[in-house]
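# Observations on the model geometry
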Amino acid sequence: MTRSRTARATFLACAVALAGAVAALGGHEDEPVESYTGCLNTSSGTIANLAEGEAPMAACKDKEALVHVGGGDVTSVVAGDGLTGGGDGGAVTLSVDTAAIVSGVEAGFGLTGGGSGGDVSLAVDPTVVQRRVTTDCGAGAIASILENGSAVCIKPSPVGLVATLDAGVVAASGSQDTSLCDDGFNEGGQAGPFTSTAGPVELDEGVYLVVPRGFRWEISKTVARDDADVFYAGQVVAQLGSTFIRQFNTRGLIVEPDRNWGLFTVGPSGTSVSLEISAEAWACSHAEIGGSVAIVRIG
């Protein structure tokens, strides 16, 4: 019992003295904290060969354990990303590295949002940035791209002959009563109008030309009168995209001479056209129209 009490007393005395030494060494927070290394006798509880640094004054024996004592548990502080400062002992401070920390986000081209503090978010500006195109136009072409990524397609339509339309022939012959031939259009004896239609044909966007192929029209007298002023009149109409109108009489009347076969344009949504012909004759007159027309895409 005496030996045990003596060992404990010795250990306590060494510990108190060592703590006092460490406290004295570490009392100035701006100075480095020293550390010591010694050999602990696990049976008696005493420390021998204590020396400053990482090694004891002499090598520890078989029943001794290597121990380290110092002024604290933290031996170094390393400043990580975005920080400055740190150190291996003494008073250690850390500060934010303002050159490495993002303090604000500015919305660049094609973006909205941003800010200099708080919750910052960015979003794509759909009026500037186009979404990925999702429409497959196949063999056609893209006319325009919408904000949602869908596209308006132009159907392929080769340049050249698109269709040939033939509505046959229609004719009208007015009354043979010569007493009606001198009084104009409204005295009776009128025949028609008689009509015929061919088609329709579906046309894609483009520019088209109507080309007559053996197409003919005629307005003539049906009575033999020596008087050259005997009135006869008729009207023929052919309509396909543009309108061809002829109305003729012995007094030289020609209706709308500028409306001939020619070009017409079809918009992006396409259209449907038919060939429509008609003939109408007044007394002593014969009107006839017919034949085929070709529709040619030129652009």
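Residues numbered from 1 in each chain as written. Predicted model: local features only at pLDDT ≥ 70, side-chain atom pairs only at ≥ 80, totals over all residues. Heavy atoms only, no water.

### Quick word on the sheet that holds strand β7 (residues 105-106)
Read across the open sheet, the three strands follow the order β7-β8-β9; overall the sheet is antiparallel. With partners counted over all chains shown, the strands left at the sheet margins are β7 and β9 (122-124), one partner each. Note: β7 against strand β8 (residues 111-115), two bridges, orientation antiparallel. Across the sheet, residue V105 finds its bridge partner in β8, namely G115. (Pairing = 2+ DSSP bridges. Helix = DSSP H or I, 4+ residues; strand = E, 2+ residues; numbered from the N terminus.)

### Description of the packing of aromatic side chains
In the structure shown here, the tally under the stated rule is one aromatic pair. With a centroid separation of 5.8 Å and an interplanar angle of 20 degrees, the aromatic rings of Y208 and F264 are classed as stacked. You can see Y208 sitting in strand β14 (residues 206-221) and its partner F264 sitting in strand β17 (residues 263-266), a full 56 residues away along the chain. Comparing Y208 with F264 shows no difference in burial state: the two are buried. (Phe/Tyr/Trp six-rings, centres within 6.5 Å; stacked < 30°, edge-to-face > 60°. Buried < 20%, exposed > 50% of the residue type's maximum accessible area, 1.4 Å probe, protein only.)

### Focus on the side chain of S278
Examined against the element boundaries, S278 turns out to sit in strand β18 (residues 271-281). Residues contacting S278, with those up to four places away along its chain left out, are V170, F194, T195, Q235, V236, V237 and I289. (Contact = heavy atoms within 4.5 Å.)

### A look at the pairing of strand β5 (residues 83-87)
Sheet analysis places strand β4 (residues 77-78) next to β5, joined by two bridges and oriented antiparallel. Across the sheet, V77 pairs through a bridge with G87, a residue of β5. The turn joining β4 and β5, which pair antiparallel and follow one another in sequence, is formed by four residues; a positive phi near 85 degrees is taken by G82. Sheet topology places β5 next to strand β6 (residues 94-96); three bridges connect them, and they run antiparallel. Within β6, the position partnered with T84 by the bridge is S95.

### Describing the side chain of T37
Along the chain, the position of T37 falls in strand β1 (residues 35-41). Within the local environment of T37, its side chain forms a polar contact with the backbone oxygen of G53, the two atoms lying 2.6 Å apart. Setting aside residues up to four positions removed in sequence, T37 forms contacts with N49, L50, A51, G53, E54, A55, P56, L66, V67 and H68. (Polar contact = N/O pair within 3.5 Å; in protein donor to acceptor, adjacent residues only side chain to side chain.)

### Observations regarding unusual backbone geometry
Most peptide bonds adopt trans geometry, and most residues besides glycine take a negative phi value. Between G192 and the following residue, P193, the backbone shows a cis peptide bond with an omega angle of 5 degrees. Relative to the elements of secondary structure, P193 occurs in strand β13 (residues 191-203). Here the amide bond leading from G199 into P200 is cis, since omega sits at 10 degrees, within 30 degrees of zero. For P200, the position within the fold is in strand β13. Backbone geometry places N49, a non-glycine residue, at a positive phi of 55 degrees. Take N49: it is sitting in strand β2 (residues 47-52). Taking the relative accessible area as the measure of exposure, N49 reaches 29% and is therefore partly exposed. A positive phi angle is found at C284, which is not glycine, with a value near 65 degrees. Tracing the chain through its elements places C284 in the loop between β18 and β19 (285-297). On the accessibility criterion, C284 (0% relative accessible area) is buried.

### Brief notes about a nonpolar patch on the surface
Nonpolar side chains collect at one region of the surface, where V102, V105, F109, L111, V120, L122, V124, V128 and V129 lie side by side and expose about 790 Å² of accessible area between them. Along the chain, V129 turns up in the loop between β9 and β10 (141-145). (Patch = residues over 30% accessible without salt bridge, like charges linked within 9 Å, V, L, I, M, F, W, Y side chains within 5 Å. Areas by Shrake-Rupley, 256 points an atom, 1.4 Å probe, with all protein chains shown as cover. Salt bridge = Lys/Arg side-chain N within 4 Å of Asp/Glu carboxyl O.)

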